[in-house]
Amino acid sequence: MFSKVLIANRGEIALRVIRACQELGVRTVAVYSDADARAPHVREADEAVHVGPPPSAQSYLLGDRLIEAAKRTGAEAIHPGYGFLSEREWFARAVREAGLTFVGPPAEAIEAMGSKTAARQLAIRAGTPVVPGTTEPLRDAAEAAAIAEQYGYPVLLKAAAGGGGKGMRVVRAAGEIAGALESAQREARNAFGDDAVYVEKYIEGPRHVEIQVLGDRHGNMLHLGERECSVQRRHQKMIEEAPSVAVTPELRARMGAAAVAAARAAGYENAGTCEFLLDRDGNFYFLEMNTRIQVEHPVTELVMGVDLVQWQLRVAAGEALPFRQEELEPRGWAIECRITSEDPSNGFLPSTGRISYLHLPTGPGVRWDGGIEAGSEVGLYYDPMLAKLIVHARTRELAIARMHRALLELTVEGVETSRDFHLRVMEHDDFRRGDISIQWLEQHLPELTGAGASDEEKLVAAIAAALVADRVRGGPPRAAAGAANGASNGAAAMPAPAAG
Ligand code: ADP
């Protein structure tokens with residue numbers, strides 16, 4: 001095992017990697033910008049190196065400076081986390097050329113899966129089903145219209161370099177295609193410096209189901225089942241769970257084999273994720289491969305009993321995976337809610353400020369992967385995700401009840417958060433039945449966000465939630481804190497799960 005690892009990231013994922021290192025007896029080096037000088041990840045690491053001013057282009061994205069910091073502190077490996085430099089093939093290569101280990105896949109595998117079009121070609125060669133569509137960038141609107149005609153509307157124009165839902169446009173009729181192509185190209189050029197756009201058939205009402213894979217340097221490539229991430233807003237995940245209500249053991253085995261085949265075709269090692277759409281008839285289509293640890297990895301860790309971040313470090317250090325595919329079966333149910341500094345009742349507007357009070361949920365089956373504490377400043381420099389609240393229970397019904405209870409225990413004051421949105425989802429009949437698709441959230445936005453409610457309605461809801469919170473806590477009323485937090489409209493309607 002390594003003796004020292006530098007973590008080229010910040011926030012909750014930096015802390016997550018530090019914890020994995022600590023349990024493996026590995027010393028840690030944090031990096032930080034001026035904005036993060038007092039951040040928890042800096043304090044928890046054994047050492048910390050200042051890398052620049054707050055904008056990430058001048059700090060967390062300066063690959064050479066991070067490599068230099070690793071060499072200076074005697075770190076042998078760099079863990080990139082997610083986001084920032086985690087999927088930059090040049091960074092993985094530069095780390096290797098500096099004589100250090102990149103805790104992730106080989107640079108060549110990142111490159112092979114780097115554009116959506118290249119990944120689609122690779123998946124097709126591996127025999128993994130992809131969404132019907134093209135694998136080459138469009139030349140112009142006439143070509144786009146001809147291809148759309150061939151697949152039938154609606155189609156989706158998608159940036160080859162895409163990520164984070166950017167550069168995507170749904171086109172429902174021929175008349176819209178020229179304008180949609182132009183705006184997708186413009187968005188892609190601005191976001192990725194690459195305006196290549198291709199066409200996919202737009203699948204109506206599918207689920208987003210992804211397969212976690214894990215490979216070592218000795219030719220072992222395993223899958224760790226699925227995560228369902230259908231609760232999305234603007235193609236961005238908000239809630240994830242494992243397993244998926246839509247996946248049978250037989251389908252899991254088939255999707256797992258397809259993901260393993262795609263990963264093998266890319267020469268993959270370490271942890272990665274193949275994303276699929278699953279349609280209503282049980283057909284699945286490869287979307288892309290994320291060549292890094294994902295935000296939602298904890299739900300897999302909980303149901304599989306495998307510490308993915310520790311295994312990332314172990315396989316990067318050359319260890320062989322000791323598992324057999326047959327022993328990797330999900331146990332129970334895990335759900336994750338992304339706690340973001342956004343105001344759901346106000347169009348998910350980013351909220352900034354100083355966290356003046358923070359009360360974290362605890363108790364059986366509750367995990368908090370966070371990067372904040374009371375006193376933390378939440379600014380606009382970085383992603384609005386503050387933390388992830390994750391629960392594990394024996395059944396899905398119990399996991400939902402546990403998440404609801406944990407969300408009620410959570411109090412964040414000083415910034416608006418997505419907490420109340422998550423409470424409403426946990427209370428919603430469709431979600432409780434598992435009757436969701438990637439369009440579900442957007443179709444139910446007003447009832448899930450409380451947008452449009454009058455101040456009076458919001459106050460009534462806040463009081464109701466505070467009363468329920470008291471009942472759950474069994475403690476003295478904390479109506480003030482609950483009301484200040486805003487609250488869930490239907491908190492009182494949360495039915496009790498069957499015993500189990
Ligand atoms: P990004 O890399 O920008 O996140 P993805 O290809 O992973 O883009 O797609 C993000 C989300 O967009 C998916 O989870 C799904 O909700 C939706 N999506 C992508 N492709 C399609 C498609 N062909 N049909 C319907 N929805 C799609």
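Residues numbered from 1 in each chain as written. Predicted model: local features only at pLDDT ≥ 70, side-chain atom pairs only at ≥ 80, totals over all residues. Heavy atoms only, no water.

Visitor: Looking at this structure, how should I read the pattern of salt bridges?
Guide: It is possible for side chains of opposite charge to pair when their charged atoms get near one another. Using the criterion set out here, one finds 40 salt bridges in the structure. Where Arg-433 meets Asp-435, a salt bridge forms, and the shortest distance between an N and an O atom there is 3.6 Å. Under the relative-accessibility criterion, Asp-435 is labelled partly exposed at 44%. One salt-bridge network, held together by shared partners, links Glu-210, Arg-227, Lys-237, Glu-240, Glu-275, Glu-296 and Arg-338. (Salt bridge = Lys/Arg side-chain N within 4 Å of Asp/Glu carboxyl O. Buried < 20%, exposed > 50% of the residue type's maximum accessible area, 1.4 Å probe, protein only.)

Visitor: Looking at this structure, how should I read the site of the ligand?
Guide: Neighbouring the ligand are 21 residues; Lys-116, Gly-165, His-208, Gln-232 and Glu-288 lie closest to it. Between an oxygen atom of the ligand and a side-chain N or O atom of Lys-116, the distance comes to 2.6 Å. In this structure, an oxygen atom belonging to the ligand sits 3.0 Å away from a side-chain N or O atom of His-235. Here the ligand loses 95% of its free accessible area of 550 Å² to cover by the protein chains. Broken down by secondary-structure element, the contributors of at least two residues to the shell around the ligand are β6 (155–159), β8 (197–201), β12 (270–278) and β13 (284–290). Counting only domains with at least three residues in the shell around the ligand, you end up with domain 2 (132–201) and domain 3 (207–489). (Near = heavy atom within 4 Å. Polar contact = N/O pair within 3.5 Å; in protein donor to acceptor, adjacent residues only side chain to side chain. Areas by Shrake-Rupley, 256 points an atom, 1.4 Å probe, with all protein chains shown as cover. Helix = DSSP H or I, 4+ residues; strand = E, 2+ residues; numbered from the N terminus. Domains from an automatic or database assignment.)

Visitor: Which parts of the structure should I look at to understand the state of the cysteines?
Guide: Defined simply, a disulfide is a covalent bond joining two cysteines at their sulfur atoms. Applying the stated criterion across every chain, the model contains 0 disulfides. Distance from the sulfur of Cys-229, which forms no disulfide, to the nearest cysteine sulfur (Cys-337) is 12 Å. Sulfur of Cys-274: no disulfide; nearest cysteine sulfur belongs to Cys-229 and is 13 Å away. (Disulfide = S-S within 2.5 Å.)

Visitor: What am I meant to see in the confidence of the model for the protein chain here?
Guide: The predicted coordinates should not be examined in detail at positions where pLDDT is low. Mean pLDDT over the protein chain works out to 92, with 90% of the residues at or above the 70 mark. Across residues 472–493 the pLDDT falls below 50, and counting only partners more than four positions away or on other chains, this stretch makes 46 contacts in the model. (pLDDT = per-residue confidence, 0-100. Contact = heavy atoms within 4.5 Å.)

Visitor: Hey, could you run me through the pairing of strand β1 (residues 4–7) in this one?
Guide: Residues in a regular strand project their side chains so that they alternate between the two faces of the sheet. Side chains Lys-4 and Leu-6 of β1 all project onto a buried face; the interleaved residues Val-5 and Ile-7 project onto the opposite face, where all are buried too. Where β1 and strand β2 (residues 27–33) come together, 4 bridges link them in parallel fashion. Its bridge partner lying in β2, Ile-7 is registered against Ala-30. Considered for its hand, the β-α-β crossover made up of β1, helix α1 (residues 11–24) and β2 is right-handed. Two strands pair when backbone bridges link them, and β1 and strand β4 (residues 77–79) are joined in this way by 3 bridges, in the parallel orientation. By the bridge assignment, Ile-7 is partnered in β4 with His-79. (Pairing = 2+ DSSP bridges. Right-handed = clockwise from strand over helix to strand, strands pointing away.)

Visitor: In this structure, what is going on with helix α6 (residues 116–126)? I would like to understand it.
Guide: A turn of α-helix holds 3.6 residues, and therefore any two residues three or four places apart point the same way. Every buried residue of α6 is accounted for by Lys-116, Thr-117, Ala-119, Arg-120, Leu-122 and Ala-123. On the buried face of α6, the contacting elements are α5 (107–112), β6, β8, α9 (249–265) and β13. Looking one or two places after α6, you find Gly-127, whose phi comes out positive at around 80°.

Visitor: Explain the side chain of Ser-244 here, please?
Guide: Relative to the assigned elements, Ser-244 resides in the loop between β11 (236–242) and α9. Look at Ser-244 and you get buried, because its relative accessible area is 2%. A polar side-chain atom of Ser-244 sits 2.6 Å from a polar atom in the side chain of Glu-228. Not counting chain neighbours up to four residues away, the residues in contact with Ser-244 comprise Val-209, Glu-226, Glu-228 and Trp-333.

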